[in-house]
Amino acid sequence: MKTNVDSGAFEAIQEAGIAALSGPQDCVRDMNIIYKERRDALLTGLKELRLEVKPPKATFYVWAHVNGSSSDFSKMLLKKQE
């Protein structure tokens, strides 16, 4: 029979998770606002580059189709910032 002595999350981590999930959630709302502002700024910039992007419904990741390789696109963005 095997016990959880050598597997599973360390008890202190579990206790910290419980405290984080059962405590005040104001910080979650505050971070969501920051993530939304950053996402919206990125969407605005990508639309200015004439890229078709849709706001994600449940994440801060943004997916956009670019012509060519992602490497070429990244280089073009860096050159525009020079």
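The rules behind these values
- Residues numbered from 1 in each chain as written.
- Predicted model: local features only at pLDDT ≥ 70, side-chain atom pairs only at ≥ 80, totals over all residues.
- Heavy atoms only, no water.
- Helix = DSSP H or I, 4+ residues; strand = E, 2+ residues; numbered from the N terminus.
- Rg over C-alpha atoms; globule rule 2.2 N^0.38 Å.
- Buried < 20%, exposed > 50% of the residue type's maximum accessible area, 1.4 Å probe, protein only.
- Areas by Shrake-Rupley, 256 points an atom, 1.4 Å probe, with all protein chains shown as cover.
- Lys, Arg positive; Asp, Glu negative; His and termini not counted.
- Charge placed at Lys NZ, Arg CZ, Asp CG, Glu CD.
- Core = buried A, V, L, I, M, F, W, Y, C linked by side-chain atoms within 4.5 Å.
- Contact = heavy atoms within 4.5 Å.
- Expected span 1.5 Å × (residues − 1).
- Salt bridge = Lys/Arg side-chain N within 4 Å of Asp/Glu carboxyl O.
- Patch = residues over 30% accessible without salt bridge, like charges linked within 9 Å, V, L, I, M, F, W, Y side chains within 5 Å.
- pLDDT = per-residue confidence, 0-100.

Caption draft 1: Representation of the overall build of the protein within the structure. When you go through the protein residue by residue, the secondary structure sums to three helices and zero strands. Element order for the protein, N to C, with α for helix and β for strand: α-α-α. Computed over its C-alpha atoms, the radius of gyration of the protein comes to 21 Å, more than 25% above the 12 Å expected for a compact globule of 82 residues. Seen through its C-alpha atoms, the protein measures out along the principal axes to roughly 60 × 35 × 25 Å. Relative to its full complement of 82 residues, the protein shows a buried share of 11%. When the accessible surface of the protein is split by element, carbon and sulfur atoms take 58% of a total near 7600 Å². Taking the 12 positively charged and 11 negatively charged side chains of the protein as two groups, their mean positions are separated by 11 Å.

Caption draft 2: Local environment of the nonpolar core. If you look at the biggest cluster of nonpolar residues, it comprises seven residues: L43, L46, L51, V53, V62, V66 and F73. Contacts of F73, omitting those with residues within four sequence positions, involve L46, L49, L51 and V66.

Caption draft 3: Helix α2 (residues 26-48), seen in detail. Here α2 spans 34 Å end to end across 23 residues, near enough to the 33 Å set by a 1.5 Å rise per residue. Looking only at α2, the buried set comprises R39, L43 and L46. Directly beyond the C-terminal end of α2, a positive phi value near 65° is found at R50.

Caption draft 4: Up close: the pattern of salt bridges. Across all of its chains, the model carries four salt bridges by this definition. Across the pair D40 and K36 runs a salt bridge whose closest N-O atoms are separated by 2.8 Å. Placement of the pair is D40 and K36 together in helix α2, with a separation of four residues, close to one helical turn. For K36, a relative accessible area of 46% gives the class partly exposed. One connected set of salt bridges, linked through shared partners, spans D26, R29 and D30.

Caption draft 5: A look at a nonpolar patch on the surface. On the surface, a nonpolar cluster with roughly 660 Å² of combined accessible area is contributed by M31, I34, Y35, F60, Y61 and W63. Mapped onto the elements, Y61 comes out in the loop between α2 and α3 (70-81).

Caption draft 6: Representation of the confidence of the model for the protein within the structure. With 93% of its residues at a pLDDT of at least 70, the protein reaches an overall mean of 87. The lowest-confidence element of the protein is α3, averaging 88 in pLDDT; the highest-confidence one is helix α1 (residues 11-22), averaging 94.

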